[in-house]
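Structural overview
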Amino acid sequence: MKKENSRGILMFAHNNEEIDYFRLAVANAKLIQKNLKINNITVVTDPHSLKHGEKTLGKKFIKDAINNIVVVEKDKKFKASNLRLYKDTSHSAKYLPFYNVNRCDAYDISPYDETILIDADYLILSDTLNHCWDHNNELMMNWKYQDIMFERKDKTLDRLYDMGITMYWATVVYFRKTEYVESFFELVKHVRNNPQFYKDLYKWQGTLYRNDYSFSIAAHMISGFVDKGIPQLPTTLYKSFDTDDIHDVIADNEIILYLEKPRSPGDFILTKWGNVDLHIMNKWAVNRISEKILYG
Amino acid sequence: MSTRLTKALEFANYRTTLNNQKEQLKAKTQSLLSFSINGGSFTIDLPLLTFCKQLLDDSQTEVVLLDIYNNPIKVELEKFYEEILSRYYEVTNDYYVEYEKLRKARKVHKVLDLNEEGK
């Protein structure tokens, strides 16, 4: 008889001065339990983020939501140098540290045979990701995404630069523990360790290190330097942007959002989003409504 | 601003909300019409349903189908067809009900199925 693979979800959560990523991970873990019916949840964090989480949420509450916490030390030099512009709608913007350096260690850290690596702010509002388990493809991630303000288009997010390779989103990655996937993550690490070399070669824009870049480059390399060589997930990646906001959570699988109008910045329409997973780029917005996800 | 102009702008806002909500409904339907079996993934659509029915009428029992990645997936036809057909009925019926509700909504809060306080 075939042995059942161990399966689980993996998230990374490192707070900065303003964004409580650990809280987001706990809130998302609650959604994962309810909508995906999965209890194997691993969160990789650092001592400070964990301590803050324990203080604000309580140890028992965290344990009920996350059954495996991996604590790692932060690379302080990287944290201080990787600054990203965070927006809380077009009305407020701030440069803050973006600590994402260890996502490429996901393969080594994951205790599962099959893992779905997700961003803490990729809200699980459906059971769609269950389609990935036991898949023929041992590694899947999306290059195609859909903005939930359907008439808004941003061509700059399609490639690393105008004439560069296709950009994969590291927001959701399904992988199995195989030699091929191990090699893929080794390449991601190589990009992380040599960012200037790969930046010159692949010409990504700006100074920020993003996992989307390193995963895209590794995908290109491991596919024999062929574009779009890694298959996409069987689900579409839906995204809201940091210029949008969340009005309310009305159920475990339904939220109401303010979406910024494309031709009228700072002006919004409302939308009800439900039963489809969603990446929320406005981190403050998720933190504001996290109370309702956590405690109902 | 004149009352007529205010009304026209309100209507424009309603139309944008309505169109976006329709797209959201389509996205949800599309996501629910995704079906995975034996390591492959399929989109339940009319070609897949008709092809499977055709194979069943041809007395086939076990067949190889190409999934969305063009990978060959072996399926037990009768069970597979039963499952995708029932999922298709369920999802499209829900789509119809929600679409009709949207079609009749003439105000933003009704499009979003909320009361006027936004609850």
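The structure contained in this document is the topic of the report that follows. Predicted model, so just to flag it, every value in this text is computed and none were measured. (Residues numbered from 1 in each chain as written. Chains lettered and ligands numbered in written order. Predicted model: local features only at pLDDT ≥ 70, side-chain atom pairs only at ≥ 80, totals over all residues.)

This paragraph deals with the overall build of chain A. Looking only at helices and strands, chain A has 9 helices and 15 strands in total. A compact globule built from 296 residues would reach a C-alpha radius of gyration of about 19 Å, and chain A, at 18 Å, matches this within 12%. In chain A, which comprises 296 residues, the proportion classed as buried is 45%. Across chain A, contacts joining residues at least 24 apart in sequence account for 76% of those joining residues at least 6 apart. (Helix = DSSP H or I, 4+ residues; strand = E, 2+ residues; numbered from the N terminus. Rg over C-alpha atoms; globule rule 2.2 N^0.38 Å. Buried ≥ 20, exposed ≤ 12 C-beta atoms within 10 Å, placed from the backbone. Contact = placed C-beta atoms within 7 Å.)

The next point concerns the packing of helix α6 (residues 179-193) of chain A against helix α8 (residues 211-222) of chain A. Residue and element names in this part refer to chain A. α8 packs onto α6 with a crossing angle of 130 degrees between their chain directions and a minimal axis gap of 8 Å. Judged on the interaxial angle alone, α8 and α6 are oblique. Note on packing geometry: the crossing formed by α6 with α8 is right-handed. Across the interface between the two elements, Ser183, Phe184, Leu187, Val188, Val191 and Arg192 from α6 touch Ser214, Phe215, Ile217, Ala218, Met221 and Ile222 from α8. Here the residues of the contact of α6 with α8 sort into 9 nonpolar, 2 polar and 1 charged. (Axes fitted to C-alpha atoms, helices over the stretch in contact; angles between N-to-C directions. Parallel < 35°, antiparallel > 145°, perpendicular 65-115°, else oblique. Left-handed = near helix turned anticlockwise from the far one by under 90°. Nonpolar A, V, L, I, M, F, W, Y, C, P; charged D, E, K, R; others polar.)

Moving on to the interface of chain A and chain B. The interface of chain A with chain B comprises 25 residues on the first partner and 21 residues on the second. Broken down by element, the side of chain A that touches chain B gets its largest block of residues, 6 residues, from strand β14 (residues 264-274) of chain A. A per-class count over the side of chain A that touches chain B returns 11 nonpolar, 12 polar and 2 charged.

A word on unusual backbone geometry. One non-glycine residue, Lys228(A), adopts positive backbone phi at about 55 degrees. The residue Lys228(A) is located in the loop between α8 and β11 (237-240) in this model. Here Ser59(B), not a glycine, exhibits a phi torsion of approximately 65 degrees, which is positive. Note on placement: Ser59(B) falls in the loop between α2 (46-57) and β3 (62-66).

All names here are of chain A. With mixed pairing, the 4 strands of this open sheet are ordered in space as β7-β15-β11-β9. Both edges of this open sheet fall to β7 (122-123) and β9 (145-147), since each of them pairs with a single strand only. Taken together, the 3 bridges between β9 and β11 define a ladder with parallel strand orientation. Counted as the bridge partner of Gln146 is Tyr238 from β11. (Pairing = 2+ DSSP bridges.)

Here the focus is the environment of Val75(B). Residue and element names in this part refer to chain B. Along the chain, Val75 turns up in strand β4 (residues 72-76). Each C-alpha atom, one on Val75 and one on Val64, is 6.3 Å from the other, the two residues being 11 residues apart in sequence. Residues in contact with Val75, not counting those within four places in the same chain, are Ile37, Asn38, Val63, Leu65 and Phe80.

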